[in-house]
Structures are given as structure tokens and as C-alpha cells.
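# Chains, contacts and geometry: an overview
In case you want the letters, here they are:
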Amino acid sequence: MTRAARSDTTWVFGYGSLIYKVDFPYQQKATASISGWERRFWQGSHDHRGTPCAPGRVVTLIPSPGATCRGVAYLVEQEVFEHLDHREKNGYERYSVTICLDEKEVEVDGLIYVATEDNHAYLGPAHLEEVASHISRSHGPSGSNTDYVLQLARALRKLGDHDPHVYALEALLTQ
Ligand code: BEZ
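## Comments concerning the site of the ligand
Near the ligand, the surroundings consist of Phe13, Gly14, Tyr15, Gly16, Ser17, Leu18, Val59, Glu88, Tyr92 and Tyr113. Backbone polar atom of Gly16 to an oxygen atom of the ligand: 2.6 Å apart, as the coordinates give it. One nitrogen or oxygen atom from the main chain of Leu18 is found 2.9 Å from an oxygen atom belonging to the ligand. Elements with a minimum of two residues in the shell around the ligand: β2 (9–14) and α1 (17–20). Partitioned by chemical class, the residues of the shell around the ligand number six nonpolar, three polar and one charged.

## Re the packing of helix α4 (residues 145–158) against helix α5 (residues 164–174)
Two elements in contact, α4 and α5, have axes whose closest approach is 9 Å; the angle formed by their N-to-C orientations is 130 degrees. Judged on the interaxial angle alone, α5 and α4 are oblique. For the element pair α4 and α5, the recorded crossing hand is left-handed. Residues Thr146, Val149, Leu150, Leu152, Ala153, Leu156 and Arg157 of α4 touch α5, and the partners they reach there are Val166, Tyr167, Leu169, Glu170, Leu173 and Thr174. Class assignment of the residues belonging to the contact of α4 with α5 gives a composition of nine nonpolar, two polar and two charged.

## Describing the packing of helix α3 (residues 128–136) against α5
Following both chains from N to C, one finds α3 and α5 inclined at 60 degrees, their axes separated by 9 Å at the closest point. Taken together, α3 and α5 sit at an angle that is classed as oblique. Handedness of the α3/α5 crossing: right-handed. Of the residues in α5, those touching α3 at Leu128, Glu129, Val131, Ala132, Ile135 and Ser136 are His165, Ala168, Leu169, Leu172 and Leu173. By residue class, the composition of the contact of α3 with α5 is eight nonpolar, two polar and one charged.

## Considering the packing of aromatic side chains
Aromatic ring pairs are defined here through the distance separating the ring centres and the angle between the ring planes. Counted according to the given criterion, the structure contains three aromatic pairs. Considering the side-chain rings of Phe24 and Tyr74, the 5.0 Å spacing of their centres and the 85 degrees angle between planes classify their relative orientation as edge-to-face. Here Phe24, found in the loop between α1 and β3 (28–45), pairs with Tyr74, found in strand β4 (residues 56–77); they are 50 residues apart in sequence, far enough to count as distant. With respect to burial, Phe24 and Tyr74 carry one shared label: buried. Pairing Tyr26 with Tyr74 gives two aromatic rings, centres 5.4 Å apart and planes at 55 degrees, and the pair type is tilted. Separated by 48 residues along the polypeptide, Tyr26 in the loop between α1 and β3 and Tyr74 in strand β4 bring together distant segments of the chain. Since its relative accessible area comes to 0%, Tyr74 is described here as buried.

## Re the environment of Leu18
Structurally, the position occupied by Leu18 is in helix α1. Sequence separation between Leu18 and Leu84 is 66 residues, and the spatial gap between their C-alpha atoms is 9.3 Å. If near-sequence neighbours (up to four positions away) are discounted, Leu18 is found in contact with Val12, Phe13, Phe24, Tyr74, Leu84, Arg87 and Glu88.

## Overview of helix α2 (residues 80–87)
Turning to α2, its buried residues are Val80, Phe81, Leu84 and Arg87. The arc enclosing the buried residues of α2, seen along the axis, measures out at 125 degrees, which places them on a common side. Of the exposed residues in α2, the ones pointing more than 90 degrees away from its buried face are Glu82 and His86.

## Description of the pairing of strand β5 (residues 93–101)
Strand residues, when the strand is regular, have side chains that alternate between the two faces of the sheet. Examined bridge by bridge, β3 and β5 share two bridges and lie antiparallel to one another. Each bridged residue has a counterpart across the sheet, and for Ser33 the counterpart in β5 is Cys100. In this antiparallel pair of consecutive strands, β5 and strand β6 (residues 106–114), the connection spans four residues, and Glu105 shows a positive phi of 50 degrees.

## Some points on the nonpolar core
The biggest cluster of nonpolar side chains holds 49 residues, and the ones touching the most others in it are Ile34, Phe41 and Ile99. The dominant element in this core, judged by the number of residues it contributes, is β4, at nine residues. With residues up to four places along the chain from it excluded, the contact list for Ile34 reads Phe13, Leu61, Ala67, Thr68, Cys69, Val97, Thr98, Ile99 and Ile112.

Criteria and cut-off values
- Residues numbered from 1 in each chain as written.
- Predicted model: local features only at pLDDT ≥ 70, side-chain atom pairs only at ≥ 80, totals over all residues.
- Heavy atoms only, no water.
- Near = heavy atom within 4 Å.
- Polar contact = N/O pair within 3.5 Å; in protein donor to acceptor, adjacent residues only side chain to side chain.
- Helix = DSSP H or I, 4+ residues; strand = E, 2+ residues; numbered from the N terminus.
- Nonpolar A, V, L, I, M, F, W, Y, C, P; charged D, E, K, R; others polar.
- Axes fitted to C-alpha atoms, helices over the stretch in contact; angles between N-to-C directions.
- Parallel < 35°, antiparallel > 145°, perpendicular 65-115°, else oblique.
- Left-handed = near helix turned anticlockwise from the far one by under 90°.
- Contact = heavy atoms within 4.5 Å.
- Phe/Tyr/Trp six-rings, centres within 6.5 Å; stacked < 30°, edge-to-face > 60°.
- Buried < 20%, exposed > 50% of the residue type's maximum accessible area, 1.4 Å probe, protein only.
- Arc of directions from axis to C-beta.
- Pairing = 2+ DSSP bridges.
- Core = buried A, V, L, I, M, F, W, Y, C linked by side-chain atoms within 4.5 Å.

Structure, rendered in C-alpha cells:
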């Protein structure tokens, strides 16, 4: 592995809606992974898949030694972060990570958006059945919360990823 870095552009790693909703310009796109993190539907959504009175549930990342999270990395110009910061303003903050780009077998420095337990919209863990039931009745300006899960599961399948948490929720929501 080699490490590559350019100063005028930054890699951002998408593990949720950034995988399939690409409403920003990018210079390069690559399937990728980050080590030590796992997806969880533990973040409340007040502005996309729910409302402030009835938040939906969307993904965040939790630290998980030994785990790998697969997704898509985009090389973007700094201006793109104004758009992404606004899009993901409901409790997410940027963190620095090392991203492994699949095809090139290269490691790059980059950023991820993570919603940690100290943000106002954080919901935290719950039994999977409870999470599915919550999602099944949630809707917001970006559409139904169920569609969010199904779109993410479809996108992960296309990447060849196996994420038991996402696929189990998908199964509960489509049974
Ligand atoms: C992502 O797809 O990487 C993402 C998910 C939630 C908030 C921000 C970014």
C-alpha cells in the first residue's frame, strides 16, 4: 500500500446516502473501505427521513475494532463540503480517517461524517425489530424512511458488501 495526498482536493468516504445520492461534483470516485467502523441506524433524522416531532432513523458509524465498513469514496474540491455540511447538518461532524481505495490498493487520507452520541438528534441502540417498526412509520422531506433502508441495501449489494445490520433491517421491512 502507498499513501497518496493532494492539498486542493479531499477524499470523502460515503457509507450511507452518499453512496447512492450523489448530488455534488467530484473528480474521482472509487469503491473503498475504512477499518474500525460499523454502520448503525442509531441517528435520528429530523430533516430527511423524519421530522423534528417524529424523527426517522438513519445511519451513523460506531467505532468497532477489527470491523471494515465498505462504501464509496469521492475526491472533491473544498467547496463541496459547504453543500455536504448543509445536507448532513442534523448532528453529523467530519472526522479524519484513512480510506482504502479498492481498485488502486492505495490508502488516502480523507473525511467521514459521523453522528456521535452527544448530538441532539442521537437515538442510540434499540432492538432490531423496534428499529424496523420505527423506520416503517417514519417519513420526511426526502421520502420514506423505509425507502432509505432499501436504497442503501440495494447500493451495498451492488458494491458486493455484506452488512448484516442493514440486510436484517431490509428483511424485516420487506417481509
Ligand atoms: C454517508 O453516506 O457517508 C453519510 C451518511 C450520513 C450522514 C452523512 C454522510
